[in-house]
Amino acid sequence: MLLFQVDRSEDKTLTQQVYEEIRWRILENVLKENEKIPSSRELAKTIGVSRNIVLEAYHQLESEGYIHIKQRSGTFIASGTSISHLRKKDLQNTKQPAPTDNKCSSKKNIIDFKAGNPAMDHFPRKVWGKIVKEVCIDVPDSLFGYQDESGNEELKEELASYLETTRGVVCVPDQIVITSGATQALSLITKILVTEEKDSVIVEDPVTDEMRQIFLHNGATIIPVDTDVQGIIPSNIPQAKPSFVFVIPSHQFPLGGTLSIQRRIELINFAEKQNCYIVEDDYDSEFTYEGSPVRSMQGLAPEKVIYVGTFSKILAPALRIGYVVLPHELLSDFRKLKWYTDRHNSSLEQIVLARFMKEGHFLKHIRNMKRIYQRRRTALVNSLEKYFDHFTIIGENTGMHLVVEFPVIQFDKKLLQQLYCEGIKVYPVEEYAINKGNHSNKLLLGYGSLREEEIEEGVSILFNVISKCKHP
Ligand SMILES: Cc1ncc(COP(=O)(O)O)c(C=O)c1O
C-alpha cells in the first residue's frame, strides 16, 4: 500500500511532495517495475489531498518516464527506473528541513550553535599576514610554479614531527599528502578503496552527515554500527567485508566519546581479518581540557590505519588545508589521484603554514585556543546549569561541541522552528542518526564560534521556549 504523509506547513507544494514521495520509492525499488499503484482518486483519499494534486504529480512522474498511465487499466511503474538501493539514504534526505526566516513573525540575529565552526574572531591575522608577506617576497621564483602533488616538503616535515609528538602517529614525511581539507582526503580515499566487489563502508551511527554524503557520493554503501558514549561498538558490526571502517576515535562526532583501547584493538583485529582499512578522522583532538589527548589509532597499526587530519578547526576552514598519512601500499595510488584531481594544494599557503609551525606560532595558537574554547565550554555548562534542573552532558570534556540530553523533550521540526524564531539555531543529534528514533531528546551544541554572552543568551532562549512548550 502506498502510504505517506504530506506536510502543509512545508515550503514545498503538495504536488511536489507527492511527486517526491513516489519518485524516491521508485528509485529505491520500494515500488517495483510494472507494479500497479493506486489510482489518483484512491491515493488522494488515502493521504488527504485533492485529486488534482495527485493527478498533477502523476503527470509529472509520467512525463519523466517513472510511470505509465494506461487508460482503463491503471497506473504502473515503468521499467528501468530503479537505481541501486545503495543510494537510498542519499535520496531520502533524512535531515530535518532547516528552520527558515519566512516562518518567523520578526527577524532576529540568530545565535547559531553549529558544531565545528571554530573561533574565527581569534584567527592569528597579524602573524599570518606578516608571514604571507615575507613568503611572497622571499621565496624563489620556482616556488610559484607547479610543485609535487603530495605537498610542500617543509610542511610535511613539520607535520610529521608534530603528529609524532602530540598524537603518536608513526610516519615519515613521505607518507603524508596535503589535501584540500579532510573532505578531499576522505573523498579520494573512498574513490581508491570503494570498488564494485568491496563497496561498503562501516560508519559510526550517529555520524557526521557531511562525511556520510562524501562516501555515498563516491559510490559506497553505508553500514551503520551503533555507537555509545565510548564510540563505535565493534561487537555490533554485522558480517561484512567492507572497504574501510570510518571512525573518529579521539572525539566521536557527534556523541563525543573516546574509543577505548579494547575497542580500538577489536577494530584493528576486524580490519586484519576482513582485509580492510580503518580510516581515522582526527579533526579536533588538539582541544582536550582534562588530562592529555589520547594517542591516535594509527600509531597502533600504521599499515592498517589511514590517518586524516585538518587545519580547519585549529586555524580556519577557509585555508582548506588538511592531510592524510597513508600506509605505504596506498601511497602511489593516492598521490596519482591527487594529481589528477587538482595537481596540488596552493604551495604558497603551505609554505606560510610551515613557517607558522616552525617559528612556534602554531603551538602557541593551540594553547590560546584551548583556553578560549575551555572558557566557552564552561560558559555553556554554567548556563545550562543555571537554567535547567535536569539534563545530562554526554561525551568527553574536549573539542568545540557537546551533546546535552534532556528528559522527555523531543526536538522536532516545530520546536526547532520556534527556537529559530526566538533567535537560536540548534541541531538535534537525531539528524545525524542513520537508524532513527534513539536521539530525539539530545541536542548537539557547538560553542566554538560563539562568545560567552551569546552562549548564555542562547541557553536562556532555549530554556524559555522549552518552558513555554511544557506549560503553554
Ligand atoms: C567529522 C569531521 N571531520 C573533519 C572535518 C573537517 O573538514 P575539512 O578539513 O574539509 O574542513 C569536519 C568538518 O565539519 C567534520 O565534521
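Residues numbered from 1 in each chain as written. Predicted model: local features only at pLDDT ≥ 70, side-chain atom pairs only at ≥ 80, totals over all residues. Heavy atoms only, no water.

Q: Just give me the short version of the domain arrangement of the protein chain, but keep the residues and values in it.
A: It is common to give the size of an interface as the accessible area that goes away when the parts come together. Here the domain parsing of the protein chain yields domain 1 (14–83), domain 2 (101–121 + 364–470) and domain 3 (124–359). Each of domain 2 and domain 3 has a C-alpha centre, and these two points are 27 Å apart. Each side of the interface is counted separately: domain 2 has 29 residues, and domain 3 has 34 residues. A combined buried area of about 2700 Å² lies between domain 2 and domain 3, and 63% of that area is made up of carbon and sulfur atoms. Broken down residue by residue, the surface that domain 2 buries against domain 3 is led by His365, Tyr432 and Ile434, which jointly contribute 23%. Our count for the contact surface shared by domain 2 and domain 3 stands at 0 salt bridges. Linking domain 2 to domain 3 there are 11 residue pairs in polar contact (both at pLDDT 80 or more). Sorting the residues of the side of domain 2 that touches domain 3 by element identifies helix 12 (361–387) and strand 14 (401–405) as the ones contributing at least two each. (Domains from an automatic or database assignment. Contact = heavy atoms within 4.5 Å. Buried area = accessible area lost by both parts, 1.4 Å probe. Salt bridge = Lys/Arg side-chain N within 4 Å of Asp/Glu carboxyl O. Polar contact = N/O pair within 3.5 Å; in protein donor to acceptor, adjacent residues only side chain to side chain. Helix = DSSP H or I, 4+ residues; strand = E, 2+ residues; numbered from the N terminus.)

Q: Help me get a handle on the site of the ligand, residues and values and all.
A: Around the ligand sit 13 residues, and of these Ala182, Thr183, Asp281, Thr310 and Ser312 come closest. At 2.6 Å from a nitrogen atom of the ligand is found a side-chain nitrogen or oxygen belonging to Asp281. Separating an oxygen atom of the ligand from a side-chain N or O atom of Lys313 is a distance of 3.2 Å. Those elements that place two or more of their residues in the shell around the ligand are helix 7 (181–193) and helix 8 (209–217). Of all the elements, helix 7 adds the most residues to the shell around the ligand, at 3 residues. Here the residues of the shell around the ligand sort into 4 nonpolar, 5 polar and 4 charged. (Near = heavy atom within 4 Å. Nonpolar A, V, L, I, M, F, W, Y, C, P; charged D, E, K, R; others polar.)

Q: Please set out the packing of helix 6 (residues 153–167) against helix 11 (residues 347–358) residue by residue, giving values where relevant.
A: Packing of helix 6 against helix 11 leaves a shortest axis separation of 8 Å and a crossing angle of 40°. By the angle between their directions, the pair helix 6 and helix 11 is classed as oblique. Note that helix 6 runs across helix 11; the crossing there is left-handed. Across the interface between the two elements, Glu154, Leu155, Glu158, Leu159 and Tyr162 from helix 6 touch Gln350, Ile351, Leu353, Ala354, Arg355, Met357 and Lys358 from helix 11. Here the residues of the contact of helix 6 with helix 11 sort into 7 nonpolar, 1 polar and 4 charged. (Axes fitted to C-alpha atoms, helices over the stretch in contact; angles between N-to-C directions. Parallel < 35°, antiparallel > 145°, perpendicular 65-115°, else oblique. Left-handed = near helix turned anticlockwise from the far one by under 90°.)

Q: Residues and numbers for the UniProt feature "domain: HTH gntR-type" (unreviewed entry) in the protein chain, please.
A: Taken from the UniProt record, the annotation "domain: HTH gntR-type" (unreviewed entry) applies to residues 12–80. Across residues 12–80 one finds 51% helix and 14% strand; the C-alpha atoms that close the span lie 28 Å apart. (UniProt positions renumbered as here; feature names shortened; annotations may be inferred.)

Q: Describe the sheet that holds strand 12 (residues 322–325), naming the residues involved and giving the relevant values.
A: The strand order across the open sheet built from 8 strands is 5-12-11-10-9-6-7-8, with neighbouring strands paired in mixed fashion. Two strands bound the open sheet, and with one partner strand each, they are strand 5 (176–179) and strand 8 (231–232). The pairing of strand 9 (residues 244–247) with strand 10 (residues 277–281) spans 4 bridges and is parallel. Paired with Phe246 across the strands is Val279, a residue of strand 10. Sheet strands touched by helix 7: strand 5, strand 9, strand 10, strand 11 (305–310) and strand 12. Its angle to strand 11, the strand with the most contacts, is close to 155°. (Pairing = 2+ DSSP bridges.)

Q: Can you tell me about unusual backbone geometry, naming the residues and giving the values?
A: Cis rather than trans, the peptide bond between Asp205 and Pro206 has omega equal to 5°. Locating Pro206 in the fold gives a position in the loop between strand 6 (200–205) and helix 8. The omega angle of the peptide bond from Phe253 to Pro254 is 10°, so this bond is cis rather than trans. Looking at the element boundaries, Pro254 is found in the loop between strand 9 and helix 9 (261–274). If you check the backbone angles, Asn34 has positive phi at about 65° while not being a glycine. With respect to the secondary-structure elements, Asn34 resides in the loop between helix 1 (14–27) and strand 1 (36–37). A residue is classified by how much of its surface remains accessible, and Asn34, at 54% relative accessible area, is exposed. (Buried < 20%, exposed > 50% of the residue type's maximum accessible area, 1.4 Å probe, protein only.)

Q: Report on the state of the cysteines, specifying residues and quantitative values.
A: Evaluation of the coordinates by the stated rule reveals 1 disulfide. Here Cys104 pairs with Cys421 through a disulfide, and the sulfurs are 2.3 Å apart. The S-S bond linking Cys104 to Cys421 shows a torsion near -85°; that makes this disulfide left-handed. Residue Cys104 is found in the loop between helix 4 (88–92) and strand 4 (111–112), and its partner Cys421 is found in helix 13 (residues 413–422); the two are separated by 317 residues along the sequence. Neither residue differs from the other here; Cys104 and Cys421 are each classed as buried. (Disulfide = S-S within 2.5 Å.)

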